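Each chain is listed here by its residues.
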Amino acid sequence: MNRDGAKKSIWQEEIKEFPDQDMAHKLYDVAIVGAGITGITTALEFQKENMSCILLEASNIGFGTTGGTTAHLNDFFDTSFHQVSKDFGSESAILYAKAGQEAISIIEENIETYNIDCDFERKIAYLFALDRKQAKKLNEFKEGAEALGHLIYDTHEIPFPIAFEKAVIIPDQAQFHPLKYIKALCKNFIEQGGVFVQNALVERYEEKDDQVTLSTAKGRVNARYLIYATHIPPGVNSIHFMTAPYRSYVIACKLKNNSYPGVLGYDLEDPYHYYRFHNINGDNLLIAGGLDHKTGHEQDTDKRFSELENYVRKYFAISEVVYSWSSQYYETLDGLAYIGKMPGNESRVYMATGFRGNGMIWGTLSSRILRDLIIKGFSSYGKLFDPERVKPLAGFSTFIKEMADVGIDFIKDKLFIEKIHSAVEIENGEAKVIKYEGESYAVYKEKTGELHLLKSTCPHAHCEVRWNAAELSWDCPCHGSRFGINGRFLTGPAAKNLQRLFPGPDTFSL
């Protein structure tokens, strides 16, 4: 498995293992955990500053969200300029508007510097409302953008076969192949003296004096600074109650008429749909995504893919769905990313998370913010994205809802887990969380009849996992940790596997 799900993404052929490197028993300047776009770009930024860096990855590059992104590069975001201006003031909104183009410029700069072939293209984006309610929202978005001098134009036509109420054009956006890009960055990081270690799950860390000690699956690492580029870090702290995990669904398909829109497109439904195309191995493919939901809060994840396909078929002449996959992202209380020093720590642990649907942008910008905070002690974006920021009004109602959801999930799953008495009651290809003699178990029976029995309690905060049939994974509804059918860790903040009790054939009774 090269990414954190059973389904194959459009980028997956580019995922690779790098040759193992010796971790070396020395004090590194910076240890970075997570080899997605955030971790790799940040590692290269520090290495360019002649700081010794080690990049630690629990699996392989692009294993998480970077391997499942749709790789839109935007300078407008899921949290609108209007909302940021309302919640944080016009100066913050101006800085926020600047961030997108700066991130795209960083990507262009790296492509030019390292001569990277990653299918990068500048694109026009179309944002369109499908009804009057969405049109009101689009008017608000446009007014917020214009107030900041952000280029945006009304249009009466869109290059998508979709009926609309109102639409705007946003020029100078972009797209690329994310795995080709980060693979080249990682290669250059290593060539410049950086150390990259795969299959090195970081289980815990300890701050002491002037350094941080990490315990990994491959031994200990000491560094002056630690950066978590893994969505949210392990342990239990305030960040876990200030973010919520979501999954988004994507299909890549061939069209009968070969009429692929050469632009980026987004509607304003909730959750919204998004479109672009990419040529993979000589085939043009329409990439369409949407139908997001909180991780672990959808009983039939397979149904999401059929619903997305049926929706896209209403407008496009699909001849074949070639790829389908889902991916995970995190939302924060107030809609802005958390990039900076991790709350509740001394001064040497940093993090970057809460990118919503704009991970390629905020992951890239995080590299500069974190570099400046550690080397200079200051970033122009530091206050805006500070994880310790306090904004009582912005996001407060969301905070209450997320806290309630976690509590409800925890109690409900503990009390109402389905009771069965033997493994015979589980059909081939079926999975259940069951209660037996006061203990909870996660049971999955493969189509061949092979049974997998795990303890169902997530090792992070002790919530009960739920089955994700589409990706063949056990997902925690509280904080987004995910595990394979054999209990193997896929996605944090958990830093351990689910306890595996029975890996053999179906020969037992509970």
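Residues numbered from 1 in each chain as written. Predicted model: local features only at pLDDT ≥ 70, side-chain atom pairs only at ≥ 80, totals over all residues. Heavy atoms only, no water.

Participant: I would appreciate a short explanation of the overall build of the protein in the present structure.
Facilitator: Along the backbone of the protein there are eight helices and 26 strands. Rg of the C-alpha trace for the protein: 23 Å, near the compact-globule value of 24 Å for 510 residues, within the 12% margin. Each principal axis of the C-alpha distribution contributes one length, and for the protein these read about 65 × 55 × 50 Å. For the protein, the residues scored as buried account for 59% of the 510 residues in total. (Helix = DSSP H or I, 4+ residues; strand = E, 2+ residues; numbered from the N terminus. Rg over C-alpha atoms; globule rule 2.2 N^0.38 Å. Buried < 20%, exposed > 50% of the residue type's maximum accessible area, 1.4 Å probe, protein only.)

Participant: I'm lost on the pattern of salt bridges in this one. Help?
Facilitator: Oppositely charged side chains can form a pair if their charged atoms are brought close together. What the rule picks out here adds up to 31 salt bridges. Glutamate 146 serves as the salt-bridge partner of lysine 142, at 2.6 Å between the closest nitrogen and oxygen. Of the two residues, lysine 142 and glutamate 146 are both situated in helix α4 (residues 132-147); the distance of four residues between them amounts to about one turn of the helix. Classification of lysine 142 by relative accessible area gives buried; the value is 12%. Residue classification places glutamate 146 among the partly exposed residues on the basis of a relative accessible area of 40%. (Salt bridge = Lys/Arg side-chain N within 4 Å of Asp/Glu carboxyl O.)

Participant: Quick question: what am I supposed to make of unusual backbone geometry here?
Facilitator: Across the chain, the bulk of peptide bonds are trans and the bulk of non-glycine residues have phi less than zero. A cis amide bond, omega 0 degrees, links aspartate 270 with the succeeding residue proline 271. Here proline 271 shows up in the loop between β12 (264-267) and β13 (274-280). Of the consecutive residues glycine 492 and proline 493, the connecting peptide bond is found in the cis state with omega at 20 degrees. By secondary structure assignment, the location of proline 493 is in the loop between β25 (489-491) and β26 (500-502). Non-glycine residue alanine 71 carries a positive phi angle of around 60 degrees. Inspection of the secondary structure puts alanine 71 in the loop between β2 (53-56) and β3 (72-73). Classification of alanine 71 as buried rests on a relative accessible area of 0%.

Participant: Looking at this model, I keep getting lost on the nonpolar core. Mind explaining?
Facilitator: Generally speaking, soluble globular proteins have nonpolar side chains that are buried together. Grouped together as the largest cluster of nonpolar side chains are 85 residues, with contacts concentrated most on Tyr181 and Phe385. Element by element, the count of residues in this core is highest for helix α3 (residues 90-114), at 11 residues. (Core = buried A, V, L, I, M, F, W, Y, C linked by side-chain atoms within 4.5 Å.)

Participant: So what exactly am I meant to see when it comes to the confidence of the model for the protein here?
Facilitator: Detailed conclusions should not be drawn from predicted coordinates in areas where pLDDT is low. Summarising the model, the protein shows a mean pLDDT of 88, and 91% of its residues fall at 70 or more. Here residues 504-510 is a poorly scored stretch, pLDDT under 50, and it has 19 contacts once near neighbours within four places are set aside; other chains count. (pLDDT = per-residue confidence, 0-100. Contact = heavy atoms within 4.5 Å.)

Participant: When you look at the packing of helix α1 (residues 37-48) against helix α5 (residues 178-191) in this model, what are you seeing that I'm missing?
Facilitator: If you want to describe how two helices pack, look at the angle between their axes and the distance between the axes. Remark: α1 packs on α5, axes separated minimally by 9 Å, with the N-to-C direction vectors making an angle of 30 degrees. Regarding the angle of α1 to α5, the classification is roughly parallel. As α1 packs across α5, the resulting crossing turns out to be left-handed. Residue-level contacts link Ile37, Ile40, Thr41, Ala43, Leu44 and Gln47 of α1 to Tyr181, Ile182, Leu185, Cys186, Asn188 and Phe189 of α5. Its residues assigned to classes, the contact of α1 with α5 comprises nine nonpolar, three polar and no charged. (Axes fitted to C-alpha atoms, helices over the stretch in contact; angles between N-to-C directions. Parallel < 35°, antiparallel > 145°, perpendicular 65-115°, else oblique. Left-handed = near helix turned anticlockwise from the far one by under 90°. Nonpolar A, V, L, I, M, F, W, Y, C, P; charged D, E, K, R; others polar.)

Participant: It is not clear to me how the state of the cysteines should be interpreted in this structure. Could you clarify?
Facilitator: Here is the idea: a disulfide is a covalent bond, and it sits between the sulfur atoms of two cysteines. Scanning the entire structure with this criterion turns up one disulfide. Across a sulfur-sulfur distance of 2.1 Å, cysteine 463 and cysteine 478 are joined as a disulfide pair. Taking the sign of the S-S torsion, about -100 degrees here, the bridge from cysteine 463 to cysteine 478 comes out left-handed. You can see cysteine 463 sitting in the loop between β21 (451-455) and β22 (466-468) and its partner cysteine 478 sitting in the loop between β23 (473-475) and β24 (482-483), a full 15 residues away along the chain. The residues cysteine 463 and cysteine 478 share a single accessibility class, namely buried. Counting only cysteine sulfurs, cysteine 186 is the nearest neighbor of cysteine 53, a cysteine outside any disulfide, at a range of 12 Å. (Disulfide = S-S within 2.5 Å.)

Participant: Help me understand the packing of α3 against helix α7 (residues 359-375), please; the structure alone is not making it clear to me.
Facilitator: At a minimum axis distance of 9 Å, the contact between α3 and α7 shows a crossing angle of 80 degrees. As judged from the angle between their axes, α3 and α7 are roughly perpendicular. Two secondary-structure elements touch here, α3 through Tyr96, Ala99, Gly100, Glu102, Ala103, Ile104, Ile106, Ile107 and Glu109 and α7 through Met360, Ile361, Trp362, Thr364, Leu365 and Arg368. Taken together, the residues of the contact of α3 with α7 sort by class into 10 nonpolar, two polar and three charged.

Participant: What's the story with the side chain of threonine 216 in this structure? I'm lost.
Facilitator: Positionally, threonine 216 belongs in strand β9 (residues 211-216). A polar contact is formed between the side chain of threonine 216 and the backbone nitrogen of lysine 218, at a distance of 3.0 Å. Among the polar contacts made by the side chain of threonine 216, one reaches the main-chain carbonyl oxygen of glycine 219 at a distance of 2.6 Å. Among residues more than four places away in sequence, those in contact with threonine 216 are Met23, Leu56, Ala200, Leu201, Val202, Glu203 and Val221. (Polar contact = N/O pair within 3.5 Å; in protein donor to acceptor, adjacent residues only side chain to side chain.)

Participant: Before we go on, may I ask you to explain the environment of asparagine 188 in this structure?
Facilitator: Looking at the element boundaries, asparagine 188 is found in helix α5. Exposure remark for asparagine 188: the relative accessible area of 13% places this residue in the buried category. For the pair asparagine 188 and lysine 294, spaced 106 residues apart in sequence, the C-alpha separation works out to 36 Å. Ignoring any residue separated from it by four or fewer positions in sequence, one finds asparagine 188 in contact with Leu44 and Tyr114.

Participant: What should I look at first to understand the pairing of β9 in this one?
Facilitator: Side-chain direction in a regular strand flips from residue to residue, so the side chains alternate between the two faces of the sheet. Burial analysis of β9 places five of its six residues in the buried class, which makes it a mostly covered element. Where strand β8 (residues 202-208) and β9 come together, six bridges link them in antiparallel fashion. Bridging from a neighbouring strand, lysine 208 pairs with glutamine 211 of β9. In textbook terms, the turn of a hairpin is the stretch between consecutive antiparallel strands, and for β8 and β9 this stretch comprises two residues, one of which, aspartate 209, has a positive phi near 55 degrees. (Pairing = 2+ DSSP bridges.)

Participant: Before we go on, may I ask you to explain α5 in this structure?
Facilitator: Residues lying three or four places apart along an α-helix face the same way, a consequence of the helix completing one turn every 3.6 residues. Compared with an ideal rise of 1.5 Å per residue, which puts 14 residues at 20 Å, α5 spans 20 Å between its outermost C-alpha atoms and is within 8% of the ideal. Residues Pro178, Leu179, Tyr181, Ile182, Ala184, Leu185, Cys186, Asn188 and Phe189 constitute the buried set of α5. At its buried positions, α5 is contacted by α1, β2, α3, β7 (195-197) and α7. Looking one or two residues beyond α5, the residue adopting positive phi is glycine 193, at roughly 105 degrees. (Expected span 1.5 Å × (residues − 1).)

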